Amino acid sequence: MGNAEWMLAVVKENQIKALKETNDYTEQFGLVLTEEDAALLVNERMDILKKQERVEFGEGILPQLIQVFCDSSYLNQENYRDSLTRLQEIFYEFKTEALEQLTDEELLNFMREQFDDICAGDFDYLEGTCLKNFAEAIRAGYQGFIGSCGRGEYEHFDDVTRWNKELYLQVLNELNS
């Protein structure tokens, strides 16, 4: 085994270990990564980075993704590994799409808020609508996310009329009167 291969193997092993350590926190939400899950996620990360033509040092975004998303009601043990794979892919894609103008924290906050509130756990809607609109706004010069750390931003450029609970209840009361 050459030096580069040996170093890559050590890096992978450290990343797998870091992912397994997240189980200490995520167990309370019923989410646990096996050794096999962690290894698959690390390999997926490397593939995604190659595909996105990105270079990244350290443990990557997965431990942060896990921390931010593990208490989402849309994640469960059955979909946990696949959800992390998809979230990781979406994260790196939109880091690039937003021209690197977002910090990891801003993008993660935005993703989580939309995933739970607007997308109801739908990855395609998160990727194809919410993040696409957000990235377009950023490329056009929008910087409102800076002061909010990515929270509460989607309403500024959302082009879909949403259901309004208060209005619904008001109309319901008027109809019953």
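As the structure is a prediction and not an experimental result, all values here were calculated from the model.

**Structural notes on the overall build of the protein chain**
Here comes step 1: In terms of helices and strands, the protein chain carries 9 helices and 0 strands.
Here comes step 2: For the protein chain, the succession of helices and strands along the chain, N to C, is α-α-α-α-α-α-α-α-α.
Here comes step 3: Once the C-alpha set of the protein chain is aligned to its principal axes, its extents read approximately 80 × 40 × 25 Å.
Here comes step 4: In the protein chain, which comprises 177 residues, the proportion classed as buried is 41%.
Here comes step 5: For the protein chain, the computed accessible surface area is about 10,200 Å², with 50% contributed by carbon and sulfur atoms.
Here comes step 6: Computed over 16 positive and 36 negative side-chain charges, the inter-centroid distance for the protein chain is 3 Å.

**So, helix 3 (residues 35–51)**
Here comes step 1: Its 17 residues give helix 3 an end-to-end C-alpha distance of 24 Å, which sits within 8% of 24 Å, the value for a rise of 1.5 Å per residue.
Here comes step 2: Considered for burial, the residues of helix 3 that qualify are Asp 37, Ala 38, Leu 41, Val 42, Arg 45, Met 46, Ile 48 and Leu 49.
Here comes step 3: Phi turns positive one or two residues past the end of helix 3, at Glu 53, with a value near 55°.

**Some remarks on the pattern of salt bridges**
Here comes step 1: The final tally for this structure, using the stated rule, is 11 salt bridges.
Here comes step 2: A salt bridge links Arg 81 to Asp 37; the shortest N-O distance between them is 3.2 Å. With Arg 81 in helix 5 (residues 80–97) and Asp 37 in helix 3, the pair connects residues that are 44 residues apart, well separated along the chain.
Here comes step 3: Residue class for Arg 81 comes out partly exposed when judged on its relative accessible area of 26%.
Here comes step 4: One salt bridge connects Lys 51 with Glu 89, and the closest N-O pair in it is separated by 3.5 Å. You can see Lys 51 sitting in helix 3 and its partner Glu 89 sitting in helix 5, a full 38 residues away along the chain.
Here comes step 5: Taking relative accessible area as the criterion, Lys 51 reaches 61% and is therefore assigned exposed.
Here comes step 6: In the salt-bridge network here, residues are joined through shared partners; they are Asp 37, Arg 81 and Asp 82.

**Describing the environment of Glu 153**
Here comes step 1: For Glu 153, the position within the fold is in the loop between helix 8 (145–148) and helix 9 (165–176).
Here comes step 2: The exposure class of Glu 153 is buried, given its relative accessible area of 4%.
Here comes step 3: Sequence separation between Glu 153 and Glu 113 is 40 residues; the distance between their C-alpha atoms is 9.4 Å.
Here comes step 4: Not counting chain neighbours up to four residues away, the residues in contact with Glu 153 comprise Phe 110, Glu 113, Phe 134, Tyr 142, Gly 144, Phe 145 and Ser 148.

**Some points on the side chain of Ser 72**
Here comes step 1: Position of Ser 72 among the secondary structure elements: in the loop between helix 4 (62–69) and helix 5.
Here comes step 2: Classification of Ser 72 as buried rests on a relative accessible area of 3%.
Here comes step 3: Contact partners of Ser 72, with chain neighbours within four places excluded, come to Arg 112, Phe 115 and Asp 116.

**Some points on a negative patch on the surface**
Here comes step 1: On the surface, Glu 21, Asp 24, Glu 27 and Glu 59 cluster together into a negatively charged patch.
Here comes step 2: Looking at where Asp 24 falls in the secondary structure, it is placed in helix 2 (residues 23–26).

**Some thoughts on the layout of surface pockets**
Here comes step 1: Considered as a void within the structure, the largest pocket measures approximately 240 Å³ in volume.
Here comes step 2: Lining the largest pocket we find 14 residues, and of these Leu 8, Arg 45, Met 46, Leu 49 and Glu 56 sit closest to its centre.
Here comes step 3: Residue assignment for the lining of the largest pocket shows that the elements contributing at least two residues are helix 1 (3–21) and helix 3.
Here comes step 4: Ranked by the residues each element gives to the lining of the largest pocket, the list is headed by helix 3, at 6 residues.
Here comes step 5: Partitioned by chemical class, the residues of the lining of the largest pocket number 6 nonpolar, 3 polar and 5 charged.

Conventions adopted
- Residues numbered from 1 in each chain as written.
- Predicted model: local features only at pLDDT ≥ 70, side-chain atom pairs only at ≥ 80, totals over all residues.
- Heavy atoms only, no water.
- Helix = DSSP H or I, 4+ residues; strand = E, 2+ residues; numbered from the N terminus.
- Buried < 20%, exposed > 50% of the residue type's maximum accessible area, 1.4 Å probe, protein only.
- Areas by Shrake-Rupley, 256 points an atom, 1.4 Å probe, with all protein chains shown as cover.
- Lys, Arg positive; Asp, Glu negative; His and termini not counted.
- Charge placed at Lys NZ, Arg CZ, Asp CG, Glu CD.
- Expected span 1.5 Å × (residues − 1).
- Salt bridge = Lys/Arg side-chain N within 4 Å of Asp/Glu carboxyl O.
- Contact = heavy atoms within 4.5 Å.
- Patch = residues over 30% accessible without salt bridge, like charges linked within 9 Å, V, L, I, M, F, W, Y side chains within 5 Å.
- 1 Å grid on protein atoms, 1.4 Å probe; cavity = no way out; pocket = protein on both sides within 12 Å on 5 of 7 lines; lining within 4 Å.
- Points joined across faces, edges and corners; volume = space filled by probe spheres on them.
- Nonpolar A, V, L, I, M, F, W, Y, C, P; charged D, E, K, R; others polar.

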